[in-house]
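Architecture and fold: a report
The lines below spell out each chain.
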Amino acid sequence: QVQLVESGGGLVQAGGSLRLSCAASVPNCSRYAMAWFRQAPGKGGMFVARISWNGRPDLLNSLKGRFTMSRDNAKNTVYLQMNSLKPEDTAVYYCAVPGVPYSYEYTYWGQGTRVTVSS
């Protein structure tokens, strides 16, 4: 059974940085794209970033320049580096992975890690 475990969230002041991690129990993880989504208080979920099976990241345009996504296949882990954080980045961040390799249709989700940015 696939499990995704996020970590790295917390409380940070505006302008600060956090690095989120997502460890995936996916066999042959290097064949899978992975993604980050977030849900702000009182709002729906929103795509943040994804990284392809061959390591190419795509980020929401409005987050480019502040956020980066990377992966370490040896550790079955993806990362979301968040810099210059703003109060509007406050959200629960979720990691997701597809159910099949070489797909961008996300099937499995982590439990989320909360990020709170104070002004």
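Residues numbered from 1 in each chain as written. Predicted model: local features only at pLDDT ≥ 70, side-chain atom pairs only at ≥ 80, totals over all residues. Heavy atoms only, no water.

Describing the state of the cysteines
In a disulfide, the sulfur atoms of two cysteines are covalently bonded to one another. One pass over the full model with this rule turns up 1 disulfide. The partner cysteine of Cys22 in its disulfide is Cys95, sulfur to sulfur 2.1 Å. Residues Cys22 and Cys95 share a disulfide whose torsion about the S-S bond is about -80°; that sign makes it left-handed. Note that Cys22 is positioned in strand 3 (residues 18-24) and Cys95 in strand 9 (residues 91-98), a separation of 73 residues in sequence. As far as the burial class goes, Cys22 and Cys95 line up, both buried. Between Cys29, a cysteine without a disulfide, and Cys22, which holds the nearest cysteine sulfur, the sulfur-to-sulfur distance is 8.5 Å. We classify Cys29 as buried; its relative accessible area is 3%. (Disulfide = S-S within 2.5 Å. Helix = DSSP H or I, 4+ residues; strand = E, 2+ residues; numbered from the N terminus. Buried < 20%, exposed > 50% of the residue type's maximum accessible area, 1.4 Å probe, protein only.)

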